[in-house]
Amino acid sequence: MTTVAIAATASRPRRKRLPVLDVIAFGAVVVLLAMAVAGPWLAPHDPYQVRLDRALLSPSGDHLLGTDGLGRDVFSRILVGARSSIFAALLAVSGAALIGIVVAMVATIGPRWLDDVVMRLCDITLSLPVMVMALGVAVALGPSLHSAIVAMIVAWWPGFARLARAEMRTVLTAPYVEAATVLGASRARVMTRHVLPNSLDGVYVQATLEIGGATLIMAGLSFVGAGAQPPSAEWGAMVENGSRYLSSAWWISTFPGLMITLTALAFALAGDALRNRSHPDSTLG
Amino acid sequence: MKGHHVRLDLATAAPEAAPDAAPRPLLEIRGLTVSYPGPTGPVEIVSDLDLTVGRAERVAIVGESGSGKSVTARSLLRLDRRATVTGSLLLDGTDLLALGEKEMRSYRGRRIALMLQDPMTTLNPVLTVGSQVMEALRVHGVGKAEARRRAIAVLDRLGIPDAARRMRAYPHEFSGGMRQRVCLAMAIVAEPDLLIADEPTTALDVRVQEQVLTLIDSLVDELGMGVILITHDLGLVAGFAERVAVMYAGRRVETGAVDELYRSPRHPYTAGLLGSVARVDRDDPLRPIPGSPVMPTARPVGCAFHVRCAHAEADCGVERPEIRLVGHSDVACHHPLALREGA
């Protein structure tokens, strides 16, 4: 490893060797994203076709993961549901992270009182549990997948704002930030070029970890009926749907549930790997 | 004025020629007073400081921690928004304190460069060395290709082997001495008229210290820039600067030519500083200055040094001594030391 690093340094400054776990995590993320994109074309059956004569079939060659109470193919529904479940989580988290970063920058550059106002607002929002808050907003907007996404952004941005602001405050006092000012860089340039890239580590990790969490909350919202509405294929809604048959047809809930778990885990690990790589001098990579 | 202008790069605008009959100094600090807000009202960190730096002149500001030397440097660039700065800071006749923030920004790095203390932390870890050196030019409107060419030229000049390729390296791949060279490159790539080096060598080992100072020294002759070296290390000053200003408790207590001042310090504080430096050419035992520097919030009446001074008399605690010419040095002391025997 050491020799590799030295040799690579001499030839090319950017050296990276991916540890196995990172490869698996990134691989899983790629597969999940591919599923989200291509799911509808890969599905062997129509995920919405009700065939009561084929209801509650256990996994078999024709129905890889069995069928649900209305005879719909669980495997096809999982493939199709990947889109709503994963994209919704991605959208929610990236939206929240983006708003959080912008707010943090405003709070950092802006006058003291603005900082205070923004941060107290964050405190208030953070004092409510995310699920409760998101549930409230989603129901108020009328239960749908879109409402669930908006609700999660509303409930989640303050966490990112706090994180980013705390980090930016620290980075702002770093000597290299002052060095940039000394060179004549404008405040905007200093913020975007020096402060921002050095403050986002926490946000990256948080965001990727939260994609897992967001998948869970999204599923939760759908599970209680505030998110994706039937008959749409969404993993959380599928778990709910199958919960009635859990004792007789375990596959209906179990496989979507496994997918939720897998997604959460894959993004968490990928987030960790990403953090290790985001800093060129990181020793963890 | 010694040396002539050999520019590293011909493409930069040469500083406008001074047509005035009387050659004015590059930098003229008059009555600089800097205060910061404190819990019980403003605290004066630097008081009524006068100092001039000529072109291609090397001036050192020496003093203990908290004597106000770094604050002086920072106020030249107006870095602290919280600080209240009064007096006048004339760079080439332009009062820096009268400039708008935007104009001031165009002075930073281009006219006045500041080299910060610790090379291990003054480089951004996520940007390549090259882009950081280039930034000093880019922020002042130099094109990318041009900035790159000049950055390579400077790094090369500062003895970084294979500069073109090392541009793509990250700071963590450089040693301390190399990083200090990069910091120096960032400071001088825009060919400033004045370079302020704030304790540029504290974090380096002696050999690298010497290299860095030698480099700065040769650049002074090449570029004709004025240098202010800020340090607590009198040993460093001896081989580098032409003039020294000694600061104590925010005031200048003695200014003079290096040889003069070393041979025969007039202010007891200067003598004390010299006495606490090990010297190879003398056999005297080390004599540390008793006591510790005074807090800016609790400066004594009269001469700030009198509480620690072995030569203090009654009037020292009553009236603050004004700067006056003693021999060849400016000294702020009621009872300056006599010319040393054999000096």
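These numbers were taken from a predicted model, which means no experiment stands behind them.

### Examining the overall build of chain B
No. 1: When helices and strands are counted, chain B shows ten helices and twelve strands.
No. 2: By the compact-globule yardstick of 20 Å for 343 residues, chain B fits well, its C-alpha radius of gyration being 21 Å.
No. 3: With the C-alpha coordinates of chain B rotated into their principal frame, the extents come out at 65 × 45 × 45 Å.
No. 4: Looking at chain B residue by residue over its 343 residues, the buried ones come to 47%.
No. 5: At a minimum sequence separation of 6, the contacts of chain B that also span at least 24 residues come to 66%.

### Examining the overall build of chain A
No. 1: In terms of helices and strands, chain A carries eleven helices and zero strands.
No. 2: Mapped in sequence order, the helices and strands of chain A form the string α-α-α-α-α-α-α-α-α-α-α.
No. 3: Looking at the 285 residues of chain A, the share that counts as buried comes to 46%.
No. 4: In chain A, once contacts between residues fewer than 6 apart in sequence are set aside, the share between residues at least 24 apart is 68%.

### Concerning the pairing of strand S9 (residues 243–248) of chain B
For a regular strand, the rule is simple: side chains alternate between the two faces of the sheet.
Residue and element names in this part refer to chain B.
No. 1: Of all six residues making up S9, six are buried, and the element is well covered by its neighbours.
No. 2: Neither face of S9 is left uncovered, since the one carrying Arg-243, Ala-245 and Met-247 and the one carrying Val-244, Val-246 and Tyr-248 both have all their residues buried.
No. 3: Pairing between strand S3 (residues 58–62) and S9: four bridges, direction parallel. Within S9, the position partnered with Val-62 by the bridge is Val-246.
No. 4: Summarising the sheet, S9 and strand S10 (residues 251–257) pair through six bridges and their orientation is antiparallel. Directly across from Ala-245, in S10, lies its bridge partner Thr-255.
No. 5: Once S9 ends, the chain turns through two residues before running back antiparallel as S10, passing Ala-249 with a positive phi of about 50 degrees.

### A closer look at the UniProt feature "transmembrane region" (unreviewed entry) in chain A
Residue and element names in this part refer to chain A.
No. 1: Mapped onto this numbering, the UniProt entry annotates "transmembrane region" (unreviewed entry) at residues 20–43, 86–109, 121–141, 203–228 and 248–270.
No. 2: End-to-end, the C-alpha atoms of residues 20–43 are 30 Å apart, and along that stretch the chain is 96% helix and 0% strand.
No. 3: In the segment residues 248–270, helix accounts for 87% and strand for 0%; the C-alpha atoms at its two ends are 36 Å apart.

### A short note on the nonpolar core
No. 1: Ala-92 and Met-152 of chain A together with Val-133 and Ile-196 of chain B are the most contacted members of the largest nonpolar core, which totals 184 residues.
No. 2: Sort the elements by how many residues they give to this core and helix H3 (residues 74–109) of chain A lands first, with 18 residues.

### Notes on the confidence of the model for chain B
No. 1: The predicted model of chain B has a mean per-residue pLDDT of 85, with 90% of residues at 70 or higher.
No. 2: Note that pLDDT drops below 50 for residues 1–18 of chain B; the model gives that stretch 25 contacts with residues more than four away or on any other chain.

### A look at the confidence of the model for chain A
No. 1: Per-residue confidence for chain A gives a mean pLDDT of 84, with 90% of residues at or over 70.
No. 2: Here helix H1 (residues 2–11) of chain A is the element of chain A with the lowest mean pLDDT, 43, and helix H4 (residues 112–126) of chain A is the one with the highest, 91.

### Structural notes on the sheet that holds strand S11 (residues 324–326) of chain B
All names here are of chain B.
No. 1: Ordered by their spatial adjacency, eight strands build an open sheet running S6-S7-S8-S3-S9-S10-S12-S11, and the pairing between neighbours is mixed. Only two strands of the sheet have a single neighbouring strand rather than two, namely strand S6 (112–115) and S11. Averaged over all pairs of adjacent strands, the angle between their axes in this sheet comes to 20 degrees, without regard to strand direction.
No. 2: Here helix H6 (residues 176–188) sits on the sheet and contacts S6 and strand S7 (194–198); the angle it forms with S6, its principal contact strand, is near 165 degrees.
No. 3: Set on the sheet, helix H10 (residues 268–275) makes contact with S3, S9 and S10; between it and S9 the angle comes to about 105 degrees.

### A short note on the environment of Asp-50 of chain B
Residues and elements named next belong to chain B.
No. 1: By secondary structure assignment, the location of Asp-50 is in strand S2 (residues 41–53).
No. 2: We classify Asp-50 as partly exposed; it has 15 C-beta atoms within 10 Å.
No. 3: C-alpha of Asp-50 to C-alpha of Gly-87: the two residues are 37 residues apart in sequence and 9.3 Å apart in space.
No. 4: Here Asp-50 is in contact with Ile-29, Arg-30, Gly-31 and Arg-252, once residues within four sequence places are set aside.

### As for H10 of chain B
Residues and elements named next belong to chain B.
No. 1: Burial of H10 is extensive: six of the eight residues sit out of reach of the surface.
No. 2: Burial in H10 covers these residues: Pro-268, Tyr-269, Thr-270, Ala-271, Leu-273 and Leu-274.
No. 3: Contact partners of the buried residues in H10: S3, helix H8 (234–238), S9, S10 and helix H9 (258–263).

### Examining the interface of chain B and chain A
No. 1: Listed by partner, the interface residues are 27 residues for chain B and 21 residues for chain A.
No. 2: Here the side of chain B that touches chain A is composed, by residue class, of twelve nonpolar, eight polar and seven charged.

### What to know about the UniProt feature "domain: ABC transmembrane type-1" (unreviewed entry) in chain A
No. 1: Under the UniProt annotation, "domain: ABC transmembrane type-1" (unreviewed entry) lies at residues 82–271 of chain A.
No. 2: Annotation note: span residues 82–271 of chain A, helix share 83%, strand share 0%, distance between end C-alpha atoms 19 Å.

### Here's the deal with unusual backbone geometry
No. 1: Of note, the bond from Pro-230 of chain A into Pro-231 of chain A is cis; its omega dihedral lies within 30 degrees of zero at 10 degrees.
No. 2: Mapped onto the elements of the fold, Pro-231 of chain A is located in the loop between helix H9 (201–223) and helix H10 (235–243).
No. 3: Positive phi, normally seen in glycine, also occurs at Ala-56 of chain B, with a value near 55 degrees.
No. 4: By secondary structure assignment, the location of Ala-56 of chain B is in the loop between S2 and S3.
No. 5: Here Ala-56 of chain B falls in the buried class, since 20 other C-beta atoms lie within 10 Å of it.
No. 6: In the Ramachandran plot, Asp-162 of chain B falls in the positive-phi region, its phi being about 55 degrees despite a non-glycine side chain.

### Observations concerning helix H1 (residues 69–76) of chain B
What sets the pattern is the α-helix's 3.6 residues per turn: residues three or four places apart point alike.
Residue and element names in this part refer to chain B.
No. 1: Counting buried residues in H1 gives eight out of eight residues, a clear majority hidden from the surface.
No. 2: Within H1, the full set of buried residues consists of Lys-69, Ser-70, Val-71, Thr-72, Ala-73, Arg-74, Ser-75 and Leu-76.
No. 3: After H1 finishes, the residue Arg-78 shows a positive phi value of roughly 50 degrees.

### Structural notes on the sheet that holds S2 of chain B
No. 1: Strand order in this open sheet of four strands is S2-S1-S4-S5 (chain B), and the pairing throughout is antiparallel. Looking at the sheet topology across the chains shown, the edges are occupied by S2 and strand S5 (94–95) of chain B.

### Some points on the pairing of strand S8 (residues 226–231) of chain B
Residue and element names in this part refer to chain B.
No. 1: With six of its six residues buried, S8 lies for the most part within the structure.
No. 2: Strand direction decides the pairing type here: S7 and S8, joined by five bridges, are parallel. The residue of S8 that forms the bridge with Ile-196 is Ile-228.

Thresholds, definitions, all that
- Residues numbered from 1 in each chain as written.
- Chains lettered and ligands numbered in written order.
- Predicted model: local features only at pLDDT ≥ 70, side-chain atom pairs only at ≥ 80, totals over all residues.
- Helix = DSSP H or I, 4+ residues; strand = E, 2+ residues; numbered from the N terminus.
- Rg over C-alpha atoms; globule rule 2.2 N^0.38 Å.
- Buried ≥ 20, exposed ≤ 12 C-beta atoms within 10 Å, placed from the backbone.
- Contact = placed C-beta atoms within 7 Å.
- Pairing = 2+ DSSP bridges.
- UniProt positions renumbered as here; feature names shortened; annotations may be inferred.
- Core = buried A, V, L, I, M, F, W, Y, C linked by C-beta atoms within 7 Å.
- pLDDT = per-residue confidence, 0-100.
- Axes fitted to C-alpha atoms, helices over the stretch in contact; angles between N-to-C directions.
- Nonpolar A, V, L, I, M, F, W, Y, C, P; charged D, E, K, R; others polar.

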